[in-house]
Amino acid sequence: MSTLALVANAWLDSSTEKIRSKPVPWEGYQRANLVTSEELALIKKVDRQPQAKVQSILVTDGPTYATLYLKLLKKLVRVDTMQYLLVMIGDALLDHDERIPLFTKQIDTEPELPYGPLLRACTTPDEFVQLKAAQILTTLLSSESGPLSNQHIQPFLNTLASLIQGTSPHARDVAVQSLEALLTRTECRAAAWTMPNVVDGLVTILESNPTPQMCYQVGFCFWLLTFEQDVAEQINRKFDIIPLLMIIAQSVVKEKVQRVIVATYRNLVAKAPSQNLPAMLVAKLLPYVKNLSTRKWSDEEIVEDIEFLKEELTKNFESLTTYDEYTSELASGHLSWTPVHDSEAFWKENATKLNDKDYEQLKVLVKLLKESTDPVVLAVAAHDVGQYTKHYERGKKTLSDLGAKTRVMELMSHDNPDVRYQALLTTQRLVSQAWVG
């Protein structure tokens with residue numbers, strides 16, 4: 001596959017066809033002293049010529065034309081001219097990966113080339129210029145043999161993040177494909193992780209009912225990101241990725257989507273089990289994996305990943321007590337009406353365990369009560385505070401000191417009726433009897 005085809009988009013291809021035949025006022029540029037007579041002579045040899053002729057000229061004069069296109073892109077700012085020059089660069093590279101160094105080696109003679117003009121093109125308001133420049137940048141950056149410079153990665157990732165978060169489906173498609181290609185490099189993964197808007201944009205796509213192909217591409221980006229240790233440790237806490245991927249896995253049956261999600265889960269378990277297993281328990285990952293292990297797969301790798309997950313999750317989950325499951329639910333931040341919350345026996349037996357290690361679990365519960373915006377989490381947390389108070393009367397003072405009493409009283413005027421109801425019941429418990437120190 002041609003490296004240029006790392007990013008393929010039908011709209012970009014059809015627009016390229018139209019732009020290739022449009023006239024550009026080259027003589028006008030020369031009269032305005034923006035183009036030299038030598039540059040004009042060179043450009044005239046290839047301007048609107050049949051592809052076969054242009055390709056034969058590039059065989060002998062490739063280095064000359066690589067320099068010419070980039071220098072013209074650097075100094076000419078009219079949108080139609082930039083469109084044309086980007087098409088010429090794309091044509092030079094398409095099916096000719098051996099020409100990539102003609103562009104990347106320009107940096108040896110002029111430090112701003114090749115990336116300066118292409119990065120500037122990415123910030124031009126014209127969508128074709130942005131996306132064609134992104135396609136070419138992805139091709140060149142992916143092919144660099146040495147480490148990539150942050151001064152090139154950072155602005156390009158910023159551009160991709162804004163394209164992902166924009167409204168254009170073409171832009172989103174091109175940007176996600178560019179990310180897929182770049183995130184194979186560790187320095188790009190490290191840079192992307194320092195820019196929350198990149199991951200935010202990918203999460204937003206998954207939340208907006210994407211096509212199976214887009215699910216796969218975004219899943220592939222997450223898989224690549226989770227090869228980094230710090231990403232594997234933090235991504236679920238910051239972006240709730242474990243339950244989100246589970247929703248996608250259960251709604252999109254295509255094998256390649258399942259495969260990339262399972263591979264991402266494997267990375268999360270292998271690299272950061274203590275940070276990710278609680279959320280996996282709450283997301284019901286083990287029943288999902290057991291179900292997958294009964295299916296026929298055409299790919300050996302997914303079979304291996306499923307077995308790995310099944311073993312690790314079984315080892316970690318099957319010995320858990322009900323209280324361990326409750327603390328896992330707390331740690332995941334995803335409280336829901338699982339049977340444990342309504343069980344009188346559970347609270348009778350375990351309420352005081354929330355006091356262990358200087359009230360560690362109680363503090364987690366109160367933090368959810370204060371910080372969550374999810375009405376289900378708030379209702380369950382308010383209910384649990386009430387159960388704790390009912391079964392451990394002396395805890396009222398601690399709850400008050402932690403700010404739980406004030407927060408529960410605030411929640412009595414919440415928009416959601418279930419939150420209001422649970423907050424009311426718990427407030428009655430908190431204020432019903434005299435304090436016991």
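Sequence order sets the numbering: in each chain, residues are counted from 1 along the sequence as written. Given that this is a predicted model, residues contribute local features only at a pLDDT of at least 70 and side-chain atom pairs are listed and counted only at 80 or more, while totals for whole chains, interfaces and linings are drawn from all residues. Each side-chain value is worked out from all heavy atoms of the structure, with water and hydrogens disregarded.

As annotated in an unreviewed UniProt entry, the protein carries the name V-type proton ATPase subunit H and comes from Tulasnella calospora MUT 4182. UniProt positions are given in the numbering used here, feature names are shortened, and annotations may be inferred rather than shown by experiment. The Subunit (unreviewed entry) field of the UniProt record for the protein holds the comment "V-ATPase is a heteromultimeric enzyme made up of two complexes: the ATP-hydrolytic V1 complex and the proton translocation V0 complex." Reading the Function (unreviewed entry) entry of the UniProt record for the protein gives the comment "Subunit of the V1 complex of vacuolar(H+)-ATPase (V-ATPase), a multisubunit enzyme composed of a peripheral complex (V1) that hydrolyzes ATP and a membrane integral complex (V0) that translocates protons. V-ATPase is responsible for acidifying and maintaining the pH of intracellular compartments."

> Tell me about the domain arrangement of the protein, and name the residues and values.
Size of an interface, as often reported, equals the accessible area lost when the parts are brought together. Partitioning the protein into structural domains gives domain 1 (1–178), domain 2 (195–320) and domain 3 (323–431). In this document the domain limits rely on a domain assignment from an automatic tool or a database. Computed over C-alpha atoms only, the centres of domain 1 and domain 2 are separated by 36 Å. Contacts are assigned to residue pairs that have any heavy atoms within 4.5 Å of one another. Taken together, the contact pairs 10 residues of domain 1 with 11 residues of domain 2. Surface buried jointly by domain 1 and domain 2 totals about 840 Å² across both partners, of which 72% is contributed by carbon and sulfur atoms. Two parts placed together each lose some accessible area; with a 1.4 Å probe, that loss summed over both constitutes the buried area. Of all residues in domain 1, I164, Q165 and V176 bury the most surface against domain 2, accounting for 50% of the area lost on that side. The salt bridge definition used is simple: a Lys or Arg side-chain nitrogen within 4 Å of an Asp or Glu carboxyl oxygen. On the surface where domain 1 and domain 2 come into contact, there are 0 salt bridges. N or O atoms closer than or at 3.5 Å make up a polar contact, with two conditions inside protein: a donor-capable atom paired with an acceptor-capable one, and, for residues adjacent in sequence, both atoms drawn from side chains. For the pair domain 1 and domain 2, the number of links is 1 residue pair in polar contact (both at pLDDT 80 or more). Of all the secondary-structure elements, those providing two or more residues to the side of domain 1 that touches domain 2 are α9 (150–165) and α10 (169–182). Going along the chain from the N terminus, every DSSP run of H or I of four or more residues is numbered as a helix, and every run of E of two or more is numbered as a strand. Sort the elements by how many residues they give to the side of domain 1 that touches domain 2 and α9 lands first, with 6 residues. Residue polarity is assigned by list, with Asp, Glu, Lys and Arg as charged and Ala, Val, Leu, Ile, Met, Phe, Trp, Tyr, Cys and Pro as nonpolar; anything else, Gly included, falls into the polar class. Across the side of domain 1 that touches domain 2, the residue classes break down as 4 nonpolar, 4 polar and 2 charged.

> Give a description of the pattern of salt bridges that names residues and reports values.
Pairs can form between side chains of opposite charge whenever their charged atoms are close. Overall, the coordinates contain 19 salt bridges when judged by the stated rule. The salt bridge partner of E393 is K396, with a shortest N-O separation of 3.0 Å. Burial here depends on accessible area, computed with a 1.4 Å probe over protein chains only, as a share of the maximum for the residue type. Under 20% is buried, over 50% is exposed, and the range in between is partly exposed. For E393, a relative accessible area of 24% translates into the label partly exposed. Members of the salt-bridge network, linked through shared partners, are K71, K74, E110 and E112.

> Summarise α9; cite the residues concerned and give the values.
What a helix should span is 1.5 Å times the count of its residues minus one. For α9, built from 16 residues, the straight-helix expectation of 22 Å at 1.5 Å per residue is met to within 8% by its first-to-last C-alpha distance of 22 Å. When we look at burial in α9, the residues that qualify are H152, I153, F156, L157, T159, L160, A161, L163 and I164. Its side-chain oxygen 3.1 Å from the backbone nitrogen of Q151, S149 forms the N-cap of α9.

> Give me the lowdown on the layout of surface pockets, citing residues and values where you can.
Gaps left between atoms show up when a probe the size of a water molecule is rolled over them. Put simply, the largest pocket is a space of about 670 Å³. Lining the largest pocket are 21 residues, with R237, A331, S332, G333 and L368 sitting closest to its centre. Elements with a minimum of two residues in the lining of the largest pocket: α14 (229–239), α17 (273–282), α20 (322–332) and α23 (356–371). Along the lines of polarity and charge, the residues of the lining of the largest pocket split into 7 nonpolar, 8 polar and 6 charged. Two domains each donate at least three residues to the lining of the largest pocket, and these are domain 2 (195–320) and domain 3 (323–431). The volume enclosed by the second largest pocket comes to roughly 280 Å³. Whether a set of points on the 1 Å grid over the protein atoms alone is a cavity depends on a 1.4 Å probe fitting there but being unable to get out, while an open set qualifies as a pocket with protein on both sides within 12 Å along at least five of seven lines; lining residues are those with an atom within 4 Å of a point. As for the second largest pocket, its lining consists of 16 residues, and the residues nearest its centre are L281, V282, K284, E325 and T338. Listing elements by their share of the lining of the second largest pocket, those giving two or more residues are α17, α18 (285–292), α20 and α21 (339–342). The residue makeup of the lining of the second largest pocket includes at least three contributed by each of domain 2 (195–320) and domain 3 (323–431). Grid points are joined across faces, edges and corners, and a volume is the space filled by probe spheres set on the points.

> Which residues make up the packing of aromatic side chains, and what values do they have?
Side-chain rings of Phe, Tyr and Trp, where Trp is taken by its six-membered ring, are said to pair if the distance between their centres is within 6.5 Å; with planes under 30 degrees apart they count as stacked, over 60 as edge-to-face, and otherwise as tilted. A full pass over the atoms with the stated rule returns 14 aromatic pairs. Here the aromatic rings of W26 and Y84 are separated by 5.9 Å at their centres, their planes lie at 65°, and the arrangement is edge-to-face. In this pair, W26 is assigned in helix α2 (residues 26–31) and Y84 in helix α5 (residues 79–93), connecting sequence segments 58 residues apart. By relative accessible area, Y84 is classed as buried at 2%. Among the aromatic residues, those joined into a cluster by ring pairs are Y216, F220, W223 and F227. Looking at K256, its charged tip hangs above the ring of Y216, at a distance of 4.8 Å from the centre. Looking at R266, its charged tip hangs above the ring of F308, at a distance of 4.2 Å from the centre. Working rule: Lys NZ or Arg CZ, within 6 Å of ring centre, within 35 degrees of ring normal, means a charge sits over the ring.

> Tell me about the packing of helix α3 (residues 37–46) against helix α4 (residues 51–75), and name the residues and values.
For the pair α3 and α4, interaxial distance at closest approach is 10 Å and the crossing angle is 130°. Classified by the angle between their axes, α3 and α4 sit oblique to one another. Relative to α4, α3 is oriented so that their crossing is left-handed. Contacts between α3 and α4 pair E39, L42, I43, K45 and V46 from the former with K53, V54, I57, D61, T64, Y65, L68, Y69, L72 and K75 from the latter. Within the contact of α3 with α4, the residues separate by chemical class into 9 nonpolar, 1 polar and 5 charged. Interaxial angles span 0 to 180 degrees and are taken between N-to-C directions of axes, which are lines fitted to C-alpha atoms, for helices over the stretch in contact. For classification purposes, an angle smaller than 35 degrees is called roughly parallel, one larger than 145 roughly antiparallel, one from 65 to 115 roughly perpendicular, and anything else oblique. Put simply, a crossing is left-handed when the front helix is turned counterclockwise from the back one by less than a right angle, and right-handed when it is turned clockwise.

> Report on α4, specifying residues and quantitative values.
If you check α4, its first and last C-alpha atoms are just 25 Å apart, much less than what 25 residues at 1.5 Å a residue would give, namely 36 Å. At D61, α4 shows its maximal kink, close to 100°; a proline, P63, follows between one and four residues later. Within the span of α4, buried status applies to V54, Q55, I57, L58, G62, Y65, A66, L68, Y69, L70, L72 and L73. Turning to α4, the residues buried within the fold contact α2, α3, α5, α6 (100–104) and α7 (115–122). Here the bend at a residue means the angle between the axes of two seven-residue stretches, the one that ends at it and the one that starts at it.

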